[in-house]
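Examining the three-dimensional arrangement
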Amino acid sequence: MNFLKRFRPLILSNYLISTLRLTLCQRSVFVNNSRPSQLRVRHLRIQSCLLAGEYEYQDPKSPEEIVNVVFIDKAGRRIPIKGKIGDNILYLAHRHGIELEGACEASLACSTCHVYVHQDYTDRLTEPQEKEEDLLDMAPGLKQNSRLGCQITLTKDMEGIELTLPQITRNFYVDGHTPQPH
Amino acid sequence: MMSRFSSVPFPLRRSLATTVVRNPQIAIIGSGPAGFYTAQQIFKGHETAEVDVYERLPVPFGLVRFGIAPDHPDVKNCISTFNQIAKNRRFRFFGNVNIGTDVNVEELRKAYSAVVFAYGAADDKLLGIPGEDLKGVYSARSFVAWYNGLPGLETLNPNLDTDSVVVLGQGNVAIDVARILLTPVDILRTTDITEHSLASLCKSRVKRVHVVGRRGPLQVSFTPAELREMVKLPDCRPVFSKTNFEEIRQMSQEIPRTRKRLTELMVKTALDEPAPEDSARWTNARKEFHLNFLRSPSKFLPNSDSSGVKAVQFHINRLEGDRAISTGQTEELQCGLVLRSIGYRSRPLDEQMPFDSATGVVPNKLGRVTGCADLYCSGWVKRGPIGVLATTMNDAFETGKYVVEDLLSKPSIQDQKCGRDAVIDILRQKGVAVVSFEDWEKIDATEKKHGKEKGKPREKIFIIPEMLSIAKN
């Protein structure tokens, strides 16, 4: 689990992820030959041989892992979902067909996965990195409770979190400003 | 088909002919983000509509390939989404086809249920001041196209044999060109920057870049991430004059959230002692990044043998609210290269298509072209050449949604149209070498292969005949 948390926020191209996967799988074969007490570690390591987004396609293995999330889509529909600890919000949304775009594939290079976090939960999220704040400043329809979905990883503390997708509005500027002639 | 029908009595023949409802065929002009995201929405919202994307160049992706700076590869990750869209069996790419000369908009309208303009803004805004045609004065867009390999721009040969460059305009494009001019060449060596521009930049004497705006720090158009990169650039010192910022620090409470962090970064860099991690770098830096405010260019001054630009003359402004008012005073900045980064303009593809030359966009409401039931527009040609990828994406989704809505309300529209075969015939008669998406993938593979040999993600090909010969092999 820690392995995933450490690696996913890094900028990983598919090429890098595949290389990583190969390396990790080779290492897990090594561990295979060691004592039975290493079994738990081996299980975690094999689980780490996943491409970005594959982890979210696995169902929760036990009730303790479940974190309930509600997405509110652009039409205002509430979509309740059973996520699990460690799920990345962007990929969880993709698994369930929620229209949350991730143009740069979670590499902190765009603002298309912009969501509004319900105010009761904003302080249960980790503080945004400077890079995320920089990108949020560019997101259309920016609000105080705005975050990038690809930077939110579920913890048990976020049970019941509600995430609203921004409306597409006409004539928006990146900072909500209406241009005046100058 | 006709020979089978000819023995059937006429009324019955007609009713047999109309039992098949043809899938709507949509033509999208332009294969940048606006084109692809519109296609994506059409596929999502309509089960049978087919999309043909026309592109002037043999290679797709528009500004994602030619506009995003080489040292920002992650922003190009959207290409994998575009590749997925292209794999849809209802998608077809027609590269190397110029709408306007090879086939015109009317011919497309006769063939397709709907035509979507998504071709962006290919022209520059001009200042219209004396000396604009001097050697050494270019649009920032040409400079970007030069290092990004847009076919035709490889002969630009911008003058880098000068220590000072003036960039006019304070948007993200201005910052991009400043950054490429000031970044240590060893960093650029591992990007997909073109070989010829890398060679020129290796010989560059440029030490100082001024990014000049007509108004003040609160009116800049560049965004925080880009500014932060400049402040952290190796071997480079930011030079922001204190006079622009002292008053702004006083009024920090009134600044809206979206500008707050950007403004704070500028103020801090201008007024405060550098942070420990920046201090040594700024002291030892050999290059400088300047932000100059309240300066409107009035004239480009030639050097003594008229071989190029030597300086830019400016009017000094003051601000009244958001507006720049000239104070009557002037100032000169010496430089051997000027990059004009004041915005782009679209142009109509031919004289018949609807286009508002005053605003430089296709007249429309929510992407539906005014007065033409089968015409739509998406992206910069729809709302003007401003905005980041997310803006264009949202905009394309809006157009796509309305294209689908209109198609669903007239399901047999394609029956009144002659279909894409008519256009294919026209192209064949003219001898146009149409490039398919599979053909592009051969060019793509060649670029990546040559890039790998040099430790770059790709080595861009910028000669069109070379692209075509790879495509057709």
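Quick caveat: nothing in here was measured; it's all calculated off a predicted structure.

Along its length, chain A carries 5 helices and 5 strands. Counting helices and strands in the order they occur from the N terminus, chain A gives α-α-α-β-β-α-β-α-β-β. Classification of the 182 residues of chain A by burial places 42% in the buried group. Contacts in chain A between residues at least 24 apart in sequence constitute 63% of all its contacts with a sequence separation of at least 6. A total of about 10,000 Å² of accessible surface is found on chain A, and carbon and sulfur atoms cover 54% of it.

When its secondary structure is counted, chain B shows 19 helices and 18 strands. Its C-alpha radius of gyration of 25 Å places chain B within 12% of the 23 Å reference for a compact globule of 473 residues. Projected onto its principal axes, the C-alpha positions of chain B cover 90 × 50 × 45 Å. Looking at the 473 residues of chain B, the share that counts as buried comes to 57%. A sequence separation of at least 24 residues applies to 74% of the contacts in chain B between residues at least 6 apart. Counting every atom, chain B has about 20,900 Å² of accessible surface; 52% of that belongs to carbon and sulfur. Looking at charge distribution, chain B has the averaged site of its 65 positive side-chain charges lying 2 Å from that of its 56 negative ones.

Time to look at the nonpolar core. Residue and element names in this part refer to chain B. Of all hydrophobic cores here, the largest spans 51 residues; its most connected members are Ile 26, Ile 28 and Phe 91. If you tally residues by element for this core, the top one is helix 16 (residues 389-409), at 7 residues. Those residues in contact with Ile 26 that sit more than four places away from it in its chain are Ile 42, Glu 50, Val 51, Asp 52, Tyr 112, Ser 113, Ala 114, Val 116, Val 403 and Leu 407. Listed in part, the 48 residues of the second largest apolar core include Phe 222, Leu 227, Cys 236 and Met 266.

Moving on: helix 18 (residues 437-453) of chain B. Residue and element names in this part refer to chain B. Taking 1.5 Å per residue as the helical rise, helix 18 with its 17 residues ought to reach 24 Å, and the 25 Å between its terminal C-alpha atoms agrees with that figure. For helix 18, every residue scored as buried is listed here: Phe 437, Asp 439, Trp 440, Ile 443, Asp 444, Thr 446, Glu 447 and Gly 451. Buried-residue contacts for helix 18 involve helix 3 (33-45), helix 4 (63-66), helix 5 (78-87), strand 3 (91-94) and helix 19 (464-471).

So, about the pairing of strand 1 (residues 66-72) of chain A. Residue and element names in this part refer to chain A. Where burial is concerned, most of strand 1 is hidden: 6 out of the 7 residues are buried. Sheet analysis places strand 1 next to strand 2 (residues 78-84), joined by 7 bridges and oriented antiparallel. Directly across from Val 70, in strand 2, lies its bridge partner Pro 80. Counting the residues between successive antiparallel strands, the hairpin from strand 1 to strand 2 contains 5 residues, one of them, Gly 76, with a positive phi of roughly 90°.

Below, the discussion takes up the sheet that holds strand 6 (residues 137-139) of chain B. Residue and element names in this part refer to chain B. Pairing is parallel across the open sheet formed by 6 strands, whose spatial order is 6-14-7-8-10-9. Two strands close off the open sheet at either side, each with one partner strand: strand 6 and strand 9 (236-240). This sheet shows a mean twist of 20° between the axes of neighbouring strands, independent of strand direction.

We now examine helix 7 (residues 140-148) of chain B. Working note: α-helix, 3.6 residues per turn, so residues spaced by three or four point in the same direction. All names here are of chain B. Burial within helix 7 is extensive, with 9 of its 9 residues counted as buried. When we look at burial in helix 7, the residues that qualify are Ala 140, Arg 141, Ser 142, Phe 143, Val 144, Ala 145, Trp 146, Tyr 147 and Asn 148. Of the residues flanking the end of helix 7, it is Gly 149, one or two places downstream, whose phi is positive at about 80°.

What follows concerns the pattern of salt bridges. In the structure shown here, the tally under the stated rule is 49 salt bridges over all chains. Put simply, Lys 442 of chain B and Asp 439 of chain B hold a salt bridge, and the shortest N to O gap is 3.7 Å. Taken together, the residues Lys 442 of chain B and Asp 439 of chain B, both in helix 18 and 3 residues apart, mark about one turn of the helix. A relative accessible area of 33% means that Lys 442 of chain B is categorised as partly exposed. Overall, the relative accessible area of 10% leaves Asp 439 of chain B in the buried class. Residues joined by salt bridges that share partners form a network here, namely Glu 130, Asp 134 and Asp 137 of chain A together with Arg 228 and Arg 261 of chain B.

To continue, consider the confidence of the model for chain B. In the predicted model, chain B carries a mean pLDDT of 93, and the fraction of residues at 70 or more is 96%. The complex prediction reports pTM at 0.85, with the ipTM value standing at 0.73.

Another aspect to go through is the interface of chain B and chain A. By a frequent convention, interface size equals the accessible area lost on bringing the separate parts together. Counting from both sides, the interface comprises 32 residues of chain B and, opposite them, 31 residues of chain A. Interface area for chain B against chain A, summed over the two sides, is near 3,000 Å², with a carbon-plus-sulfur share of 53%. The interface formed by chain B and chain A includes 5 salt bridges. Residues Arg 261 of chain B and Asp 134 of chain A are paired through a salt bridge, measuring 2.8 Å at the closest nitrogen-oxygen approach. Run the count over chain B and chain A and you get 10 residue pairs in polar contact (both at pLDDT 80 or more). Those elements that provide at least two residues to the side of chain B that touches chain A are helix 3, helix 5, helix 11 (224-231), helix 13 (257-271) and helix 16 of chain B. Broken down by element, the residue count for the side of chain B that touches chain A peaks at 7 residues, all from helix 16 of chain B. Of the residues that constitute the side of chain B that touches chain A, the class distribution is 12 nonpolar, 7 polar and 13 charged.

Residue and element names in this part refer to chain B. Take Leu 182: it is sitting in helix 8 (residues 172-182). C-alpha of Leu 182 to C-alpha of Asn 364: the two residues are 182 residues apart in sequence and 41 Å apart in space. Leu 182 has contacts with Lys 207, Val 209, Met 230, Leu 233, Cys 236, Lys 287, Glu 288 and Phe 289, leaving out every residue within four places of it along the chain.

Residue and element names in this part refer to chain B. Here we have 3 strands laid out as an open sheet, ordered 11-12-13, and antiparallel in their pairing. Strands with a single pairing partner mark the edges of an open sheet, and in this sheet they are strand 11 (295-302) and strand 13 (323-334). Direction aside, the axes of adjacent strands within the sheet are offset by 20° on average. By the bridge criterion, 7 bridges tie strand 11 to strand 12 (residues 309-320) in an arrangement that is antiparallel. Counterpart to Lys 299 in the pairing with strand 12 is Gln 313.

Turning next to the confidence of the model for chain A. Summary statistics for chain A give a mean pLDDT of 74 and a share of 65% for residues scoring 70 or more. A low-confidence stretch, residues 1-48 of chain A (pLDDT under 50), is modelled with 39 contacts involving residues beyond four sequence positions or located in other chains.

Another point: the packing of aromatic side chains. For the structure shown, the criterion picks out 19 aromatic pairs over all chains. Their ring planes at 90° and their centres at 5.6 Å tell us that Phe 143 of chain B and Tyr 147 of chain B sit as a pair that is edge-to-face. Of this pair, Phe 143 of chain B and Tyr 147 of chain B both sit in helix 7, separated by 4 residues, roughly a single helical turn. By the burial criterion, Phe 143 of chain B is buried, and Tyr 147 of chain B matches it. Taken together, the ring pairs in this structure connect Phe 36, Tyr 37, Phe 61, Phe 82, Phe 91, Phe 93, Phe 397, Phe 437 and Trp 440 of chain B into an aromatic cluster. Directly above the aromatic system of Tyr 55 of chain A lies the positively charged group of Lys 84 of chain A, at a separation of 4.1 Å from the ring centroid. One cation-aromatic arrangement involves Lys 143 of chain A over Tyr 116 of chain A; the distance from NZ or CZ to the ring centre is 4.3 Å.

Scoring rules and cut-offs
- Residues numbered from 1 in each chain as written.
- Chains lettered and ligands numbered in written order.
- Predicted model: local features only at pLDDT ≥ 70, side-chain atom pairs only at ≥ 80, totals over all residues.
- Heavy atoms only, no water.
- Helix = DSSP H or I, 4+ residues; strand = E, 2+ residues; numbered from the N terminus.
- Buried < 20%, exposed > 50% of the residue type's maximum accessible area, 1.4 Å probe, protein only.
- Contact = heavy atoms within 4.5 Å.
- Areas by Shrake-Rupley, 256 points an atom, 1.4 Å probe, with all protein chains shown as cover.
- Rg over C-alpha atoms; globule rule 2.2 N^0.38 Å.
- Lys, Arg positive; Asp, Glu negative; His and termini not counted.
- Charge placed at Lys NZ, Arg CZ, Asp CG, Glu CD.
- Core = buried A, V, L, I, M, F, W, Y, C linked by side-chain atoms within 4.5 Å.
- Expected span 1.5 Å × (residues − 1).
- Pairing = 2+ DSSP bridges.
- Axes fitted to C-alpha atoms, helices over the stretch in contact; angles between N-to-C directions.
- Salt bridge = Lys/Arg side-chain N within 4 Å of Asp/Glu carboxyl O.
- pLDDT = per-residue confidence, 0-100.
- Buried area = accessible area lost by both parts, 1.4 Å probe.
- Polar contact = N/O pair within 3.5 Å; in protein donor to acceptor, adjacent residues only side chain to side chain.
- Nonpolar A, V, L, I, M, F, W, Y, C, P; charged D, E, K, R; others polar.
- Phe/Tyr/Trp six-rings, centres within 6.5 Å; stacked < 30°, edge-to-face > 60°.
- Lys NZ or Arg CZ within 6 Å of the ring centre and 35° of its normal.

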